[in-house]
Amino acid sequence: MLRFLAVITSLILLITPAAIGKETYYIGFLGNTTNAASISLSTALKLTVEEYNSNTNNPYTLDMAFFDETDPALVDAIKNRSNLLGVTGALNSGARQAMDSIRDTAFLSCSSEYIGLNKDKADNIFRLSYSDAELASHTCRFLIGVLNKNKIASLWSEESGEYAAMAEAFHNTALRNKIWNQYHRSVDKDRKDFTAILLKLRDDRVKNIYFAGPAWQAALLAKQSAEMNVGADFSSTRLICTGQFIKNSKAGGQGAVFAMANPSTLYGVKKFRPFLNA
């Protein structure tokens, strides 16, 4: 959130002082006014602008414009919005056409999802949060540098190419650090029985199993690993940060490692507590 506000504020500062106060400028949000992420971002931005305006002789006139990513006329809606400083939100494949077609408007994604965004070379597209692939790499580095895991396996569900990209980032990080990661393979998106895989990993004496895939499948893999006494800890994506995963994985979820861009609750950040308690 702080990075988002810093970038948006930088955009605002690009407006010449002569123009300030004469026109209203807009920040675009992909998502309607009932979208929780859009509401949180727009509220934070409004508070930031209000604080800035209270301490300057050149106040900004700023408002929010909401765009529906399912709108067939999304590209035209963005192009036709005058005084638009940029578009933000959880940019995903739904915004692909708009990002490909519009080069004079900044797109700022606040989500770790949609790894395909990483492939963009356009200088008007930015990611304000770690991608899921980067989080996978950080998970691997934590396993190696902090938990001293020297033999790790990586698996991913064939349900999505996003999962494959996460596992590949994890795998490449292990290789760069000269860590054993020879067991690196995909599993069918509907697979529920991991016995054969876990027997192999137990024979290989793997110390950690990383899985990129849906939480329900991760829970099954972790649970079966514990039941078979594989002897390996478990790690996965931020999707396992749920009570349902803990319940379904049973002993296999104990000590599971994952990385996420933000704390699971803003109450964990002391500076936010006065606002949350109000």
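Structure first, text after, so check above.
Cut-offs applied
In this numbering scheme, every chain counts its residues from 1 along its sequence in written order. Local features in this predicted model are restricted to residues of pLDDT 70 or higher, and side-chain atom pairs are both shown and tallied only at a pLDDT of 80 or more, whereas totals for entire chains, interfaces and linings draw on every residue. Side-chain figures throughout are based on the complete set of non-hydrogen atoms in the structure, without hydrogens or water. Note: two strands are recorded as paired if DSSP finds a minimum of 2 bridges between them. Numbering of helices and strands starts at the N terminus; helices are DSSP runs of H or I of at least 4 residues and strands are runs of E of at least 2. In this analysis an axis means a line fitted to C-alpha atoms, helices contributing only their contacting stretch, and an angle means the value between N-to-C directions, from 0 to 180 degrees. Accessible area is worked out with a 1.4 Å probe on protein chains only. A residue is then buried under 20% of its type maximum, exposed over 50%, and partly exposed in between. If you view a crossover with the strands going away from you and the path from the first strand over the helix to the second runs clockwise, you call it right-handed. For the purposes of this section, nonpolar cores are sets of buried Ala, Val, Leu, Ile, Met, Phe, Trp, Tyr and Cys residues that join through side-chain atoms within 4.5 Å. Stacked, edge-to-face and tilted are the three classes for Phe, Tyr and Trp ring pairs, Trp counted by its six-membered ring, which pair at centre distances within 6.5 Å; planes under 30 degrees apart are stacked, over 60 edge-to-face, the rest tilted. Distance and angle both matter: a charge sits over a ring if NZ of Lys or CZ of Arg is within 6 Å of the ring centre and within 35 degrees of the ring normal.

1. Notes on the sheet that holds strand S9 (residues 233-236)
In spatial order, the strands read S7-S6-S8-S9; together these four strands make up an open sheet with parallel pairing. Where the open sheet ends on each side, the last strands, each with one partner, are strand S7 (184-187) and S9. Direction aside, neighbouring strands of the sheet carry axes that sit 25° apart on average. In this structure, strand S8 (residues 208-212) lies alongside S9, joined through four bridges in parallel fashion. Among the inter-strand pairings, tyrosine 210 is bridged to a residue of S9, identified as serine 235.

2. Concerning the pairing of strand S4 (residues 106-109)
Covered by surrounding structure in S4 are Ala106 and Leu108 together with Phe107 and Ser109, the residues of both alternating faces. Direction of pairing for strand S3 (residues 84-89) relative to S4: parallel, over a ladder of four bridges. Paired with glycine 89 across the bridge in S4 is serine 109. Regarding the hand of the β-α-β motif, the stretch spanning S3, helix H4 (residues 96-101) and S4 is right-handed. Inspection of the sheet shows S4 paired to strand S5 (residues 125-127) by three bridges, in the parallel sense. Bridge assignment links leucine 108 to a residue of S5, and that residue is phenylalanine 126.

3. Notes on the pairing of strand S1 (residues 25-30)
When you tally the buried positions in S1, you get six out of six residues, the bulk of the element. Going residue by residue along S1, you find Tyr25, Ile27 and Phe29 tucked away on one face and Tyr26, Gly28 and Leu30 tucked away on the opposite face as well. Judged from the six bridges that link them, S1 and strand S2 (residues 62-67) form a sheet pairing that is parallel. Bridging from a neighbouring strand, tyrosine 26 pairs with aspartate 63 of S2. Where S1 lies against S3, four bridges are found, and the strand directions are parallel. Bridge pairing links phenylalanine 29 to threonine 88 in S3.

4. Re the nonpolar core
Counting 21 residues, the largest nonpolar core has Leu198, Leu201, Ile209, Leu221 and Phe234 as the members making the most contacts within it. Of all the elements in the fold, those that place two or more residues in this core are strand S6 (152-157), helix H7 (195-203), S8 and helix H8 (215-227). No other element matches the four residues that H8 contributes to this core. Within the second largest apolar cluster, 19 residues are counted, among which are Val75, Leu84, Val87 and Leu91.

5. A word on the packing of aromatic side chains
Summed over all chains, the structure comprises three aromatic pairs. Ring geometry for phenylalanine 234 and phenylalanine 245: centres 6.2 Å apart, planes at 20°, overall stacked. Taken as a pair, phenylalanine 234 in strand S9 and phenylalanine 245 in helix H9 (residues 243-249) lie far apart in primary sequence, eleven residues in all. In this structure phenylalanine 234 comes out as buried when scored by relative accessible area, which is 4%. Assessed through its relative accessible area of 4%, phenylalanine 245 is described here as buried. Positioned over the ring face of tyrosine 26 is arginine 81, at 4.6 Å from the centre of the ring.

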